[in-house]
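Take a look at the letters that make up each chain.
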Amino acid sequence: MFNRELKKGSAEFLILSLIEARPRHGYEIGKLIEARSKGRINFRIGSLYPILCRLEERDLIAGRWVERAGERRRRFYRLTPVGRKYLAAQRGIWDEFVLTVNHVVRPDHA
Amino acid sequence: MPDWTQYVRQNLRLSGLRAEREAEVIEDLAQQLEDAYAEALRSGLNPSQAEAAAKTHITDWPALEKHVESSRCGREAMMKALQNRVEDRDLAGGGKFSLFTGLLQDVRFGLRMLRKNPGFTLTVAFTLALGIGANTAMFSLVDAILLRPLPYPEPKRLIVVGTNQLGESRMSPMGTADFLAWRDRQQSFEQVAVLDGAGSFALSGMGAPERIPGVGVSANFFSIFGVAPLKGRGFLPGEDRPGTPGAVVVSERFWRDHLDSDPNVLNRALTLDGKHYAIVGVMPGSFRFPASDPVDLWAIRVLSPPAGRPPFGLHAFGRLKLGVSMRQAEAELDEIIAQVNAQYPSSTPLAGVVMPMKEWMVSEVSTPLLVLLGAIALLLLIAVVNVANLLLARATVRQREIALRMALGASRKRVVRQLLAESTMLSLLGGTLGLLLAYLAVRAFLAFGPGQMPRLNEVGINSGVLLFTFVVCVGSGILFGIAPALETNRPELSDPLKDANRSFSSASAHRTHRALVVLEIALALVLMIGSGLLIRSFVRLSNVSPGVQTDHVLTTAISLSNKYSDQQITQFWRQFLEKVQALPDVKAVGITMSLPPNLLAITNPFTVEGQDYDRHRRLQLAEEMSVSPDYFRALGIPLIRGRFFSTSDRVEGEKDPMIVIINETMAKQYFDAKDPIGSRIQTGDPNPSSPWETIVGVVGDVKYSGLDSPSEPAIYVPYNENSWAGWAREMYLVVQTGGSAQQIVPAIRAELASMDGTLPIGRVRTMDERLDESLMQQRFRTWLVGGFAALALLLSAIGIYALISYSVSQRTREIGVRVALGARPSNVLGMVLREGLKLLLSGLLLGWIGAFSATRVMRSLLYSTSSTDVVSFVTTSIMLIVVALLASYIPARRATQVDPMVALRYE
């Protein structure tokens, strides 16, 4: 639906937002993006996973193995304090960006 | 269900990730694929369709690999740099406050880094803990024994005085005549006192008779130290004059263990060596003098003016008057001793010497202690070098982070400070652990170490020791932090930014790294050579024959109380020896004044018939002792010429010609080719009117002054000879048994009790045990230094291994290319080993130079081993070479297994 570049540029932002409320595991994050975007944005495991790795290395998210009865353990990702700040900042930038882009592309609406 | 873990593992080729991280990645991906597969099944697909659907999630495996691997470092450094740039900006505010906050940030950031690498942090902390702990422990000994002033008021004014023979450097105890003259004529000291060398008293009248460690002292003894008694008083002036009743001061321990802490202990009577003493005081447990072997009794020593100048055996000391120097005191003493020389014209002229009391107490242990401290400091240095290498290796990995931070505006000073803060924190962590180790080590030393050391009761971890540890920590932190920190000074710093994936190692960092390993090898070699020398010396010492049979021989000390007259003494021994000889299993029994290997009682000058009587000639001394006829058989001392003494040699009360037996050394030195049997000698100071003594036998040499002393001339006389009878009051009993030596003890005790119920038997030791104990100090320090050397070897092996592994990993691509171009495994192996060998050879060279100068200080600790002993140098070097080659062989083997395809993909 959207092109690759757009998807790639927003992926981090999307992931951080989705785990803001509670920790989620990798596959769940992908499914959630797909569901909330009504199928218009979807990530395969192979492309989502490196982003998770990168976010984790940057201390924005932290992964932790969680075991539940009768299931294999899964790696859950949660937002770190740094990640939380970063997400807040990103939201501000995003809003400003959308506003600014709208100013440019639809001057009459502004 | 498909095995997704297996599937991922087959497809994902990760390299350069830690094993745990790699496993995590695989597990996480497999779990996600399984989730996808499960969902596909739920949506109605059959298993094979579901599997295919799940597999579409990851199609471009190489891209995934690349992303996972690249996310590993670069970004992390970027974030940190960004954060620190903000901190740097805060710092630019200037002023003291911001410097302080900057420091706090350094510490916070440092802690974060350490927490992030727990494996690294722990390795470093433990390495340092070992080094710092060992140093702290040893320093606490050196501090208590050598550095701290004596625990008495104004300890510098406490001076020991003695005499020595002309041309002799060590101080000998004084004779009574000398002491009395000095006591009465000297003007330099506020007070003077004396202590005799006797080691114990026989305590009787309080249950079973017992030997209690104690000394005889003169009246001023306690007031010189200025230590207040726990109860009662010290001695009163004049209490040591002839004709005064006996007085004794007891230790707190004795008061507690033998007198049940009796509150009315004062004036209670004690029977010591058969004489009555009244207890006048109790000294607190902290008072220990003599310092090396705590005593429980200080009995008043009555000093009557002697008939002649000898015997010598008094340790005299005094408290200097204010404003009088040691030199003045020595000049005065020397003058008084010269007057005594004139008073006894036939005696060997002596000179007076003085020495600070502390030096007198600790001089014997100071060299071994300082050598041990030096060895341990070397060990710490090796540990520090190892840590520096680890940090340096990490610094090359962290270079990108540092480069970024500097590119983003952090000043170089700031970065260096940050790195130093980190290394100091590491060393403080190590130091804290080390302190714990030191505490345990000191406790262990006090419990199991060689007990005969002065001032051990003062050893502990105190503020001085803590300060030492702190300084060592900060010092080593800076030492091992400085090399990596200086690496930031490189102009090529921007290079690391250019490539995201490669890890960097500048040529200079590698050079530093190599130099450190060379240094480490050199230091380890110095320590190993030192320990090699000690081991060799110890082996030689252990193989020295004491000259006697050591198995199946039981020894103990027995001393007769003062109620025995000289004549009764010889009667007592004759009967007692007969009784013991009659016991079953006793092969031979004898008594002696001196016992091998190190319990020599006296030495005596002698003159061989025909020598002149010039009293200024070089003094010739022999170890002289009275023994019973069967002494030689009891100890298996071989007869070389002539005969042993026999019971028929003397009939009590009659005057027979005096006879002696000499040892082989004396026969060789003074009778050369001549047969000494029948020759005559005189003993005592050269004097033509001394009685002549005829040599009737020559026996093998026996060590009486320690296994490490050379054999000296020795003269044996019969114990029952008139002039020697008085000396036989305190004798060692020597029993050779057929079976186990210990089993005979109760029977001997019973025989002794049957003759006199008040006589205690001293510590019972087999001759083997005595030999063992005489080597305790040497054995202890040999083991200790050997242990340090082993640790040093291990640390440097780790150092070499780490460096070569690191360099192999850096050269993987190069090696891959070589292999691809046809290099054979042996070429690769040789190439890597050569690198290790180069380091090794430089290290060995440096180590030899170091060892040549360092081992010189050990000379006094070595027994018939040169401090440049070739065998020690060569064997330890070979050992180091073998270990070092092994340490480089392992990574070299790994290098030969490099798969060129993998290596080339590495980039």
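All figures in this text were calculated on a predicted structure; none of them were measured in a lab. (Residues numbered from 1 in each chain as written. Chains lettered and ligands numbered in written order. Predicted model: local features only at pLDDT ≥ 70, side-chain atom pairs only at ≥ 80, totals over all residues. Heavy atoms only, no water.)

**Student:** Provide a residue-level description of the overall build of chain B, including the pertinent values.
**Tutor:** Helix and strand counts for chain B come out as 27 helices and 23 strands. Counting over 907 residues, chain B shows a buried share of 52%. The long-range share in chain B, meaning contacts at least 24 apart out of those at least 6 apart in sequence, stands at 80%. In the form shown here, chain B has an accessible surface area of approximately 40,200 Å², with 58% of it arising from carbon and sulfur atoms. (Helix = DSSP H or I, 4+ residues; strand = E, 2+ residues; numbered from the N terminus. Buried < 20%, exposed > 50% of the residue type's maximum accessible area, 1.4 Å probe, protein only. Contact = heavy atoms within 4.5 Å. Areas by Shrake-Rupley, 256 points an atom, 1.4 Å probe, with all protein chains shown as cover.)

**Student:** Outline the packing of helix α25 (residues 825-854) of chain B against helix α26 (residues 870-896) of chain B, listing residues and values.
**Tutor:** Residues and elements named next belong to chain B. Running from N to C, α25 and α26 cross one another at 150 degrees; their axes reach a closest spacing of 9 Å. Looking at the two axes, α25 sits roughly antiparallel to α26. Crossing of α25 against α26: the hand is right-handed. Seen from α25, the contacting residues are Pro825, Val828, Leu829, Val832, Leu833, Gly836, Leu837, Leu840, Leu844, Trp848, Ala851 and Phe852; seen from α26, they are Phe873, Ser877, Leu880, Ile881, Ala884, Leu885, Ser888, Tyr889, Ala892, Arg893, Ala895 and Thr896. Classifying every residue of the contact of α25 with α26 gives 19 nonpolar, 4 polar and 1 charged. (Axes fitted to C-alpha atoms, helices over the stretch in contact; angles between N-to-C directions. Parallel < 35°, antiparallel > 145°, perpendicular 65-115°, else oblique. Left-handed = near helix turned anticlockwise from the far one by under 90°. Nonpolar A, V, L, I, M, F, W, Y, C, P; charged D, E, K, R; others polar.)

**Student:** Talk me through helix α15 (residues 463-486) of chain B; I want residue IDs and the actual numbers.
**Tutor:** All names here are of chain B. With 24 residues, α15 ought to run about 34 Å at 1.5 Å a step, and its terminal C-alpha atoms sit 34 Å apart, in line with that. Bending of α15 peaks at approximately 25 degrees at the position of Phe480, with proline Pro484 no more than four residues after it. For α15, the full list of buried residues reads Val465, Thr469, Val472, Cys473, Ser476, Gly477, Phe480, Gly481, Ala483, Pro484 and Ala485. The N-cap of α15, judged by a side-chain oxygen 3.1 Å from the amide nitrogen of Gly464 a few residues on, is Asn462. (Expected span 1.5 Å × (residues − 1). Bend = angle between axes of the 7 residues up to and from the residue. Polar contact = N/O pair within 3.5 Å; in protein donor to acceptor, adjacent residues only side chain to side chain.)

**Student:** A description of the interface of chain B and chain A should follow, citing residues and the corresponding values.
**Tutor:** Contact with chain B, which involves 28 residues of that partner, is made by 24 residues of chain A. Here chain B and chain A share an interface that buries about 2,600 Å² over both sides, 51% of which is from carbon and sulfur atoms. The largest share of the area that chain B buries against chain A comes from Asp28, Gln32 and His57 of chain B, three residues that together contribute 23% of it. Where chain B touches chain A, the interface holds 4 salt bridges. Applying the counting criterion to the chain B and chain A interface returns 8 residue pairs in polar contact (both at pLDDT 80 or more). Put simply, the parts of the chain that give the side of chain B that touches chain A at least two residues each are α2 (19-42), α4 (61-70) and α5 (74-91) of chain B. Take the side of chain B that touches chain A: its biggest share by element is 13 residues, from α2 of chain B. (Buried area = accessible area lost by both parts, 1.4 Å probe. Salt bridge = Lys/Arg side-chain N within 4 Å of Asp/Glu carboxyl O.)

**Student:** Summarise the nonpolar core; cite the residues concerned and give the values.
**Tutor:** Residue and element names in this part refer to chain B. Counting 135 residues, the largest nonpolar core has Phe221, Phe225, Phe287, Phe289, Trp298 and Phe317 as its most contacted members. The element contributing the most residues to this core is helix α12 (residues 357-397), with 21 residues. The contact partners of Phe287, leaving out residues within four places of it in the chain, are Tyr152, Phe221, Phe222, Phe225, Val227 and Trp298. Within the second largest apolar cluster, 67 residues are counted, among which are Ile602, Met625, Ala714 and Leu733. (Core = buried A, V, L, I, M, F, W, Y, C linked by side-chain atoms within 4.5 Å.)

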